[in-house]
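Breakdown of the fold
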Amino acid sequence: MTTQSFGKAIRRTEDDRLIRGHGSFTDDAGSAGLSLTMIRSPYANARILSIDVSEAWDVEGVQAVLTYNDLPGRLVEPLPLLIPHPSLVAPRTQYILAKEHVRYVGEAVVAIFATDRYVGEDAAERVIVEYEPREAVVGIDAALGPNLVHDDVPGNVAADHVEHVGNVDQALVGAPHVLELDLDMERSMGSSLEGRASHATWDRHSRKLRIQNATQTPTSVRFAVANILEIPDEQVEVFAIDVGGGFGTKVIHPWPEDILTAWGAIEYERPVKFTEDRVEHFISSSHERAQRHQIKVGFDDEGRILGLDVDFVHDNGAYTPYGMIAPLITATQLPGPYKLPNYRVRFRSVYTNTVQVTPYRGAARPHAVFSMERTIDRIAAFLDIDRAELRRRNFIQPDEFPYDLGMIFQDGRPAIYDSGNYPELLEKVLAMIDWDGFPERRSQTPSGRRRGIGVACYVEGTGLGPYEGGHVRVETGGKVQVSTGLASSGQGHHTVFAQIVADELGVPFEDVEVVTGDTRRFQYAVGTFASRAAVMSGNAVAEAARLVKEKAIQIAAEALEANPDDLEIVDAQVQVKGTPARGIPLAQVAVLANPLRYSFSEAARAATQFAGAGDLDEPPIKPGEDPGLEAAGWYSPVRATFASGAHAVEVEVDTATSEVEILRYCVVHDCGRLINPLIVEGQIHGGVAQGIAGALYEKMAYDEDGNLQNASFMDFLMPYCTEIPEVEIDHLETPSPLNPLGIKGAGEAGVIPVSAVIAAAVEDAEGFQINHMPLFPSELHEMRLMNAEVSE
Amino acid sequence: MKPSPFSYHPAASVDEAAQLLYELEDAKILAGGQSLIPLMNFRLASPMHLIDISGLAELSEIKVSETEVEIGASVTHSQVLQSEQAGSALPLLVEAEKLIAHEVIRNRGTLCGSLAHADPAGEMTAVISVLNGRVDTASVSGGRTIEATDLFEGPLQSSLREDELIVSATFPKLGPRTVSSFREVARRHGDYAVAGAVSVVEYDNNDQVQSARAAFLSVGPVPTVVSFDDLLRGTRIEDVGHSEIYNFLSSQLEPHGDLQASADYRRHLAAEMGWASLEACI
């Protein structure tokens, strides 16, 4: 038997290269060429009165200085709306360079092409832009007020959406108890280590535009660039060799700089590079997490939820390039693992003069889980029932799958949970943190500290369609080449796809080489987001490997004069089952799969027309067959598969400093069958770290004029590893019935319930309600004072 | 985030550095660059000339005498931290150095540079203030000594003249019946403190407080030194207790609010740190 690698904690093959500094990131590409520098708006809401670029042209090394009026062809159009929706009544996207009006601090106004970024920034200082500032709309209160972000969008409402199951009004009227909650979460952002980047070269001899781009979706960047530049897709090649994190921001495309670098490369016949710096990442990429929720919940004496009515406002920033996906996810993922026979959700997505909001790891699920779990905890407190017990009473049970929520999910298909075991998840995490032993531990809390515990559960739709593909080819040298169209931004695709192909094909893991995100290798793909790569491309490369295996067995059967049904592939050899002596190496089968006229090696001689093999009455390639030992495979699911998990945390809060210390953080996670536990656990660690960041450290601090006051890592407190506790992990494996490998997505899971569970634990420690995240020591201190006054 | 054009001048001696500083228009001294270079990258500072003193052997010494520890202007935080001589002569230096940023920053950043930068959130500005230390300077018109009490004029503003550079900082050693302690709260490991206090307590022969003072960081435009002499002289810290000291400090300190802390929270935190650092001197 070939050693099975699926399910093994194999170390990532990409890490050796990355750790030694041999990665190939976009900023590593090219040396001679032009650098693109953008001048960005210092105002959140202003009309542009005039732009004087004349002095900037005089700076040595400047190739061109462009404003909106200089843009040719389709570059004058607003950037595309990537995901329309019927409820998105007033979508707006930004221009490549601002046309007459700027709507957030950081919006691109002028583009400078210069020999390097230093020269570009020197020239930028000589450009004079005259603005007429207007009142900025910052925050949800302002969005609901009289001032407008877009003059033609009344009430600043981009989208207004309602969905419901059952009859909420009736359920609330009939409920023995009704509670209301007001919850809100502030903005944060993904903060990938590498910012946005694009490097474009135009080869005028072969007429190819080659773009290395730090993107989660190279195939879509390709189509978008070709479309806007009005050149054939065939002339555009996009590849993302290494991408230093994406977290959702890099699924947005095309950015103004993607188009300008591509256009500039052709126009000036020189390579053009744009590498976003950290300030730009803060003020001109994407943010997420600003929602305010009003919740009304009705329940019976046992704590069973009878009706849930949620009305929330989502601050989408100045533009909606990604439509209303983020609030839509909140709406449909809010029920989580609980039965809600009567549920209504309404949201308004509103414009503000701030950076656009698009999905960031977790994609508005943290808001959903915060709402649902805070609600459950509040009911438990009201009825004085153990918080874990209240969850048990409301869970969807293991025998109730598939479970139809009665709503439409973000893929436009019914939200139907495919499988799961929520009670077992909860019991496992309670045992892990020793929930029942907490009162004893609390009684031993050192003086000057308060101790609290919390638990939170979530369900996450993963593995969205429409499709992904993969290609597998066995080379005559024995290496197996795998390619997928979707890119890796640190997920470990090179390792897990190799594991899957190695097992399906019957070759050693080490023989499989994976290339991702290169349109020259694989042209059709959707992208890496929504915890979908393993589910989608994983099943696609598995299918491709199965097709290659079938073909190899057919070819080998002829060569071995054996029945194909009697053959197997073990350790890269096609052989009669259980008889290694009667076999032929897969590399040799690859030779036979490609009948040759010309020999170039010893191995190739065996495949030439005079090698003597085959039936002389048949053509060398039979009708319906293709040369080469290769195949493309596809996977297109009927709908998403739903992963789940439960987190528990025990915290200590300092009575003097109001600092929150995490004593233990426990995760039980169910993403179906595990391809590689090491990688899944790494994903969870990273997700929990980002969750803790969003819960205790990070927020986008806008002032009332729309200036982001903390646009640097000195003031925006992304936690260091020193702030992140050890994360204890256990797994449950409930296979998905929807795909052959039985897997579910794992990329985002870790981040989702963190704000909810930390709020629960701090609330438990402090004894007053936590309705707002993030929670900083300064605010906790003020809350203590307020609550002390109230209780006096 | 790229600096404006500037000329770089590696100085061969302190005299040359002083001469260049005098001659060149809009020149700055570069030692570790851990504050200046980020400011330049943000284009918040755009000096036309940088005079690099980091390679000067004559500024690289740590000298310990009977009564003092003297740190040269090119000595990095890491070198102070690793100096057994400095550590045994004045343990407070090491305690404070451990709170400064991260190792990679300490490897380049210099102790004297952090004093010249005059950030009231800097640990060393508080240490030199509480110890009544001093800096020695050089310039073409000759050197001078600036006492710590005269060194800091405002946030990022020192009393150094434009043609003057610090050549060393000198910290008095503590007496045999004197105890010190540093306490601070930072949002993240290695960040500038939200609030912090460094206390020095001298005891008499009856183990009662002879004198006590603390310097507070991040609570005002310059390090704030508070004397506890009236409150503690002739008593014991534990006998006066938390609430009296907390209330005393709350009335003494007038901190500002910012993104990380409201003024009230910072006052509260500074008072708690003041107590905690005193308590650690018991």
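Conventions used here
- Residues numbered from 1 in each chain as written.
- Chains lettered and ligands numbered in written order.
- Predicted model: local features only at pLDDT ≥ 70, side-chain atom pairs only at ≥ 80, totals over all residues.
- Helix = DSSP H or I, 4+ residues; strand = E, 2+ residues; numbered from the N terminus.
- Rg over C-alpha atoms; globule rule 2.2 N^0.38 Å.
- Contact = placed C-beta atoms within 7 Å.
- Buried ≥ 20, exposed ≤ 12 C-beta atoms within 10 Å, placed from the backbone.
- Pairing = 2+ DSSP bridges.
- Axes fitted to C-alpha atoms, helices over the stretch in contact; angles between N-to-C directions.
- Domains from an automatic or database assignment.
- Nonpolar A, V, L, I, M, F, W, Y, C, P; charged D, E, K, R; others polar.
- Core = buried A, V, L, I, M, F, W, Y, C linked by C-beta atoms within 7 Å.
- Expected span 1.5 Å × (residues − 1).
- Left-handed = near helix turned anticlockwise from the far one by under 90°.
- Parallel < 35°, antiparallel > 145°, perpendicular 65-115°, else oblique.

Considering the overall build of chain A
The secondary structure content of chain A amounts to 20 helices and 29 strands. In terms of C-alpha radius of gyration, chain A reaches 28 Å, essentially the compact-globule figure of 28 Å for 792 residues. In terms of its C-alpha atoms, chain A occupies a principal-axis envelope of roughly 100 × 70 × 50 Å. Within chain A, contacts between residues at least 6 apart in sequence are counted, and of these 81% link residues at least 24 apart.

Some remarks on the overall build of chain B
Of regular secondary structure, chain B possesses 13 helices and 14 strands. On C-alpha atoms alone, chain B measures out to a radius of gyration of 19 Å, which is about the 19 Å that the 2.2 N^0.38 rule sets for 282 residues. The C-alpha extent of chain B, read off along each of the three principal axes, is 60 × 45 × 30 Å. Counting all 282 residues of chain B, 48% fall into the buried class. Put simply, 61% of the contacts in chain B that link residues at least 6 apart link residues at least 24 apart.

Focus: helix H8 (residues 123-130) of chain B
Burial within H8(B) is extensive, with eight of its eight residues counted as buried. Three or more residues of H8(B) are buried, namely B:Glu123, B:Met124, B:Thr125, B:Ala126, B:Val127, B:Ile128, B:Ser129 and B:Val130.

Let's talk about the sheet that holds strand S3 (residues 62-66) of chain A
All names here are of chain A. With respect to topology, seven strands assemble into an open sheet ordered S3-S5-S1-S12-S9-S10-S11, the strand pairing being mixed. Pairing within the sheet leaves two strands with one partner each, and these edge strands are S3 and strand S11 (236-239). Ignoring which end each strand starts from, the neighbouring axes of this sheet average 20° apart. Contacting strand S1 (34-40), S3 and strand S5 (108-114), helix H3 (residues 117-124) runs over the sheet at an angle of about 30° to S1. Of the strands in this sheet, strand S10 (208-213) and S11 touch helix H6 (residues 218-229), which is tilted by about 150° from S11.

Digging into the interface of chain A and chain B
At the interface, 22 residues of chain A touch 16 residues of chain B. Of all the secondary-structure elements, those providing two or more residues to the side of chain A that touches chain B are H3, helix H8 (278-284) and helix H20 (777-791) of chain A. Sorting elements by how many residues they give to the side of chain A that touches chain B places H3(A) first, with four residues.

Side note on the domain arrangement of chain B
Residues and elements named next belong to chain B. Split by domain assignment, chain B resolves into domain 1 (7-52), domain 2 (57-172) and domain 3 (178-279). Centre-to-centre, using C-alpha coordinates, domain 1 lies 18 Å away from domain 2. Facing the 13 residues of domain 1 at the interface are 18 residues of domain 2. Here the side of domain 1 that touches domain 2 gets six residues from one element, more than from any other, and that element is helix H1 (residues 14-23). Of the residues belonging to the side of domain 1 that touches domain 2, the class tally is seven nonpolar, six polar and no charged.

Observations concerning the nonpolar core
Core analysis: the biggest nonpolar cluster contains 246 residues, and A:Val501 and A:Val589 have the highest contact counts within it. Looking at which element gives the most residues to this core, the answer is helix H15 (residues 533-560) of chain A, with 14 residues. If we ignore the near neighbours within four places in the chain, the residues touching A:Val589 are A:Ala552, A:Ile555, A:Ala556, A:Val574, A:Ile584 and A:Leu629. Core analysis: the second largest hydrophobic core is formed by 85 residues, B:Ala27, B:Ile29, B:Ala86 and B:Ile245 among them.

Overview of unusual backbone geometry
Most peptide bonds take the trans form, and the phi angle of most residues other than glycine is negative. All names here are of chain A. Phe 401 connects to Pro 402 through a cis peptide bond whose omega is -5°. Inspection of the secondary structure assignment puts Pro 402 in the loop between helix H11 (387-394) and strand S16 (403-408). For the peptide bond that leads from Gly 465 to Pro 466, omega is 0°, which places it in the cis range. Among the structural elements, Pro 466 can be located in the loop between strand S18 (449-462) and strand S19 (468-474). Unlike most non-glycine residues, Ala 364 shows phi in positive territory, near 70°. When the 29 C-beta atoms within 10 Å are taken as the criterion, Ala 364 is described as buried. The phi torsion at Ser 658 lies on the positive side, around 65°, for a residue other than glycine.

Thoughts on helix H19 (residues 754-766) of chain A
All names here are of chain A. Taking 1.5 Å per residue, 13 residues should reach 18 Å; H19 reaches 18 Å between its end C-alpha atoms and fits that length. Among the 13 residues that make up H19, 12 are buried, leaving the element largely enclosed by the rest of the structure. When H19 is considered as a whole, its buried residues turn out to be Val 754, Ser 755, Ala 756, Val 757, Ile 758, Ala 759, Ala 760, Ala 761, Val 762, Glu 763, Asp 764 and Ala 765. Positive backbone phi, approximately 85°, marks Gly 767, located one or two places after H19.

A word on the packing of helix H14 (residues 493-505) of chain A against H15(A)
Residues and elements named next belong to chain A. At a minimum axis separation of 8 Å, H14 and H15 run at an interaxial angle of 35°. The element H14 and its partner H15 pack so that their crossing is right-handed. When H14 is examined against H15, the residues His 493, Val 496, Phe 497, Ile 500, Val 501, Glu 504 and Leu 505 are found in contact with a partner set consisting of Ala 533, Ala 534, Ser 537, Gly 538, Val 541, Ala 542, Ala 545, Arg 546, Val 548 and Lys 549.

Comments concerning the sheet that holds strand S8 (residues 177-185) of chain A
Think of a sheet as strands paired side by side through backbone hydrogen bonds, with each pair either parallel or antiparallel. All names here are of chain A. Pairing within the open sheet is mixed, and its six strands lie in the order S7-S15-S14-S13-S8-S29. Two strands close off the open sheet at either side, each with one partner strand: strand S7 (157-165) and strand S29 (772-773). Looking at chain direction, S8 and strand S13 (residues 291-299) are connected through nine bridges and run antiparallel. By the bridge assignment, His 177 is partnered in S13 with Phe 299. Of the strands in this sheet, S7, S13, strand S14 (305-315) and strand S15 (343-350) touch helix H9 (residues 325-333), which is tilted by about 165° from S15.

Some thoughts on the packing of H11(A) against helix H12 (residues 422-433) of chain A
All names here are of chain A. Where H11 meets H12, the closest approach of the two axes is 10 Å, and the angle between their N-to-C directions is 165°. It follows from the interaxial angle that H11 and H12 lie roughly antiparallel. The handedness of the crossing between H11 and H12 is left-handed. Contact residues: Ala 388, Arg 391 and Arg 392 in H11; Pro 423, Leu 426 and Leu 430 in H12. Residue composition of the contact of H11 with H12, grouped by class: four nonpolar, no polar and two charged.

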